[in-house]
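# Structural overview for review
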Amino acid sequence: MADETSLAKGILERVGTGNATLHHTAAQVGFDKDVDVPDHTAGMKLILETLVDGEAGVIKSVDEIVGVGHRVVHGGEELTRSSLIDEELIAVIRRNADLAPLHNPPNLAGIEAARRAMPNVSHVAVFDTAFLSTLPPKAYRYAVPERWHAEHHVRRYGFHGTSHRYVTLATAKLLGKAPDEVNLITAHLGNGCSMTAVSAGKAVDHSMGMTPLAGLMMGTRSGDIDPAVALYMISRGLSAQEVDEALNKKSGLLGVSGLGNDMRDLLVAADDGNERARLAVDMFVYRIVKYIGAYHAVVPDLDAVVLTGGIGENSRPVRRGICEGLAGLGVVGDEDRNQATIRGKTGPITADDSPLGVWVVPTNEELMIARDAQAIIAGSAV
Ligand code: ADP
């Protein structure tokens, strides 16, 4: 961590499906291979074996690992900062599983497997909701019966907080501002998309809601719609589960284009004259521009708009569309900068005399998690 070098990077996916794959990259090696991983315990064992392997490995012994940072999707209302994992914390994460039924139980399985494999090191949980816990009630409450909040915890929580926090800190540094002085709109545009209004370094509004379904249009999620649409479709014969599935997995870029959820494919199709793909891209950009306008009203003294995530970091046509859409706010795009700032590069994509700068700042959630884990293990607050 002294120079924050990443030694190795990997993904183990489809654990327990009979169809698991391990992706691993280190300085001299990189591979993807099918593996037999029935559960998280076997998965953790395989990951540790890979890290100490003579060829693919980057450490000599598992004993070199002093801490493990875990991304946990939902901290609920109680867990608002990264924390050392103990039995009590696990119980709270388990209690919050109702709020994130798809995410918290697998997170816990991963934590427990890692604690079993490495019982003598510190484990730290970093919550995706934590950075958004500073939203004021007027931003996080929904205008629904008060009991829904008091008894059922219905409110906006927000997600992608680790990414929004990382780019907020990174942009403050780039602009020469103290972290608690910077005013930004940060947009994470990946498969999931979200936007945060940041005032004096703290999140004051955010586009995702009680679940990640709200806000911007995404790869397969609808983003904002009239909630009555769901009830109407149920009255037309769909089950609640089918509506849930349609809004989360069959909507967004995929739903509108009918082609897929990958922005690259849609841009190619749109250029070839596919009207549904063109509409999907236009809707995607329009929704972003609209949210930036709203958040600019909330944070008038903006230092910059920041784009990150796979689309924000790479998609030049989408970024050009965003700059053009913001012309009403005085934004002047710089197409040479837009063309040049891809694949991990950082910088503005607006002209030097643009009254509001739009910046591309690649995110690094893993590094944020590692920094928090290190700080907490050293006994500092984060
Ligand atoms: P996730 O949210 O799953 O982490 P990413 O942040 O990797 O996803 O973002 C995935 C999205 O980024 C996809 O829509 C993909 O098309 C888009 N993307 C990645 N590279 C490019 C590129 N060079 N041009 C346009 N879009 C890109």
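The preceding data block contains the structure.
Source: prediction; values computed, not measured. (Residues numbered from 1 in each chain as written. Predicted model: local features only at pLDDT ≥ 70, side-chain atom pairs only at ≥ 80, totals over all residues. Heavy atoms only, no water.)

## Structural notes on the overall build of the chain
Along the backbone of the chain there are 15 helices and 12 strands. Over its C-alpha atoms the chain spans a radius of gyration of 21 Å, differing by no more than 12% from the 21 Å that the globule rule assigns to 382 residues. For the chain, buried positions account for 46% of its 382 residues. Residue pairs in contact within the chain that sit at least 24 positions apart in sequence constitute 61% of those at least 6 positions apart. Here the chain has roughly 19,300 Å² of accessible surface; of this, 52% comes from carbon and sulfur atoms. Across the chain, the 36 positively charged side chains and the 48 negatively charged ones have centroids separated by 2 Å. (Helix = DSSP H or I, 4+ residues; strand = E, 2+ residues; numbered from the N terminus. Rg over C-alpha atoms; globule rule 2.2 N^0.38 Å. Buried < 20%, exposed > 50% of the residue type's maximum accessible area, 1.4 Å probe, protein only. Contact = heavy atoms within 4.5 Å. Areas by Shrake-Rupley, 256 points an atom, 1.4 Å probe, with all protein chains shown as cover. Lys, Arg positive; Asp, Glu negative; His and termini not counted. Charge placed at Lys NZ, Arg CZ, Asp CG, Glu CD.)

## So, unusual backbone geometry
Glycine aside, residues mostly have negative phi angles, and peptide bonds mostly take the trans form. Despite not being glycine, His 153 shows a phi value in the positive range, around 60°. The partly exposed category is assigned to His 153, whose relative accessible area is 36%. Phi is positive for Arg 343, which is not a glycine, with a value near 50°. Within the fold, Arg 343 resides in the loop between helix H14 (335–340) and strand S11 (347–348).

## Thoughts on the packing of aromatic side chains
Tallied over the full model, the rule gives 1 aromatic pair. Judged by centre distance (5.6 Å) and plane angle (85°), the ring pair of Tyr 291 and Tyr 295 falls under edge-to-face. Of the two residues, Tyr 291 and Tyr 295 both sit in helix H11 (residues 275–298), 4 residues apart, roughly one turn of that helix. With relative accessibility at 14%, the residue Tyr 291 sits in the buried group. Positioned above the aromatic ring of Tyr 140, the side-chain terminus of Arg 155 is 3.6 Å from the ring centre. (Phe/Tyr/Trp six-rings, centres within 6.5 Å; stacked < 30°, edge-to-face > 60°. Lys NZ or Arg CZ within 6 Å of the ring centre and 35° of its normal.)

## Observations regarding a nonpolar patch on the surface
A cluster of nonpolar side chains, contributed by Ile 225, Val 229, Tyr 232, Met 233 and Leu 238, occupies part of the molecular surface with about 400 Å² of accessible area. By the secondary structure assignment, Tyr 232 is in helix H7 (residues 228–235). According to the relative accessible area criterion, Tyr 232 is partly exposed, its value standing at 47%. (Patch = residues over 30% accessible without salt bridge, like charges linked within 9 Å, V, L, I, M, F, W, Y side chains within 5 Å. Salt bridge = Lys/Arg side-chain N within 4 Å of Asp/Glu carboxyl O.)

## Brief notes about the pattern of salt bridges
This model, assessed by the stated rule, comprises 16 salt bridges. With a closest N to O distance of 2.4 Å, Asp 372 and Arg 165 form a salt bridge. With Asp 372 in helix H15 (residues 365–377) and Arg 165 in helix H6 (residues 161–174), the pair connects residues that are 207 residues apart, well separated along the chain. Since its relative accessible area comes to 3%, Asp 372 is described here as buried. A salt bridge links Lys 177 to Asp 303; the nearest nitrogen and oxygen atoms lie 3.2 Å apart.

## Brief notes about the sheet that holds strand S2 (residues 20–26)
With antiparallel pairing, 3 strands are arranged side by side in an open sheet as S1-S2-S3. The open sheet is flanked by strand S1 (8–13) and strand S3 (30–35), the only strands paired with a single partner. When strand polarity is set aside, the average angle formed by the axes of neighbouring strands in this sheet is 10°. As defined by bridge partners, S2 adjoins S3 across 6 bridges and the pair is classed as antiparallel. (Pairing = 2+ DSSP bridges. Axes fitted to C-alpha atoms, helices over the stretch in contact; angles between N-to-C directions.)

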